[in-house]
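These are the residues of each chain, in order.
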Amino acid sequence: MTGMLARLGFAALVTFATTIGTVGTASTAAASDIGWGVYIGGGPGYERDRHRPGWGHEPRRHRPQGCSPRRAVEEARWSGLRQARVDNVTPRRVVVAGFRHGKFDRMVFANARGCPVIRY
């Protein structure tokens, strides 16, 4: 820890010494442009419009946390279930019924984000 502090102090000393060296050799006309300042979030004149979109001050939009019945039917159709329709919806699962290979079949999806398949 002390070694790191020593290195940081040395770096600050070198930076300060080089700045003083340039101030001493600067011409009189340019001397008014040199100054010290610590700017966080941008340089001088940097103004952030916090009310513009994209600055993190937008209202949160509602995102459904579970598996929507429409998405479950789409997933079942992609898996080969024809004439797929929602059979039952509970807080834990979404059941989609239809036909596969000419026989009645069901697919059960977890009522969670992404509609993971529980049972074919």
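If you're wondering where the values come from, they're calculated on a predicted model, not measured in any experiment. (Residues numbered from 1 in each chain as written. Predicted model: local features only at pLDDT ≥ 70, side-chain atom pairs only at ≥ 80, totals over all residues. Heavy atoms only, no water.)

K.L.:
Whenever I open this one, a nonpolar patch on the surface confuses me. Can you help?
P.N.:
Among the surface-exposed residues, M1, M4, L5 and L8 lie close enough to one another that they form a single nonpolar patch of about 460 Å² accessible area. Within the fold, M1 resides in the segment before α1 (2-25). Looking at M1, the relative accessible area reads 72%, which means it is exposed. (Patch = residues over 30% accessible without salt bridge, like charges linked within 9 Å, V, L, I, M, F, W, Y side chains within 5 Å. Areas by Shrake-Rupley, 256 points an atom, 1.4 Å probe, with all protein chains shown as cover. Salt bridge = Lys/Arg side-chain N within 4 Å of Asp/Glu carboxyl O. Helix = DSSP H or I, 4+ residues; strand = E, 2+ residues; numbered from the N terminus. Buried < 20%, exposed > 50% of the residue type's maximum accessible area, 1.4 Å probe, protein only.)

K.L.:
What should I look at first to understand the state of the cysteines in this one?
P.N.:
Each disulfide is one covalent bond, formed between the sulfur atoms of two cysteines. For the structure on display, the rule yields 1 disulfide. The disulfide bridge from C67 ends at C115, spanning 1.9 Å between sulfur atoms. Because the sign of the S-S torsion sets the handedness, a value of about 100 degrees for the bond joining C67 and C115 places this disulfide among the right-handed ones. Taken together, the residues C67 in the loop between α1 and α2 (69-78) and C115 in the loop between β3 (103-110) and β4 (117-119) connect sequence positions 48 residues apart. Residue C67 shares its accessibility class with C115, and that shared class is buried. (Disulfide = S-S within 2.5 Å.)

K.L.:
Before we go on, may I ask you to explain the nonpolar core in this structure?
P.N.:
The nonpolar side chains of a soluble globular protein tend to be buried with one another. The biggest cluster of nonpolar side chains holds 11 residues, and these are C67, A72, V73, A76, L81, A84, V94, V96, M107, F109 and C115. Element by element, the count of residues in this core is highest for α2, at 3 residues. Dropping the residues within four chain positions of it, A76 is found in contact with L81, A84, V96, M107 and F109. (Core = buried A, V, L, I, M, F, W, Y, C linked by side-chain atoms within 4.5 Å. Contact = heavy atoms within 4.5 Å.)

K.L.:
Is there a simple way to explain α2 in this structure?
P.N.:
Among the residues making up α2, those that are buried are A72, V73 and A76. One side of α2 holds all its buried residues, which, seen down the axis, span an arc of 100 degrees. Opposite the packed face of α2, turned more than 90 degrees from it, sit the exposed residues R70, R77 and W78. Buried residues in α2 make contact with β1 (82-89), β2 (93-100) and β3. (Arc of directions from axis to C-beta.)

K.L.:
Is there a simple way to think about the environment of P116 in this case?
P.N.:
Along the chain, P116 turns up in the loop between β3 and β4. When its relative accessible area of 38% is taken as the criterion, P116 is described as partly exposed. C-alpha of P116 to C-alpha of E75: the two residues are 41 residues apart in sequence and 9.3 Å apart in space.

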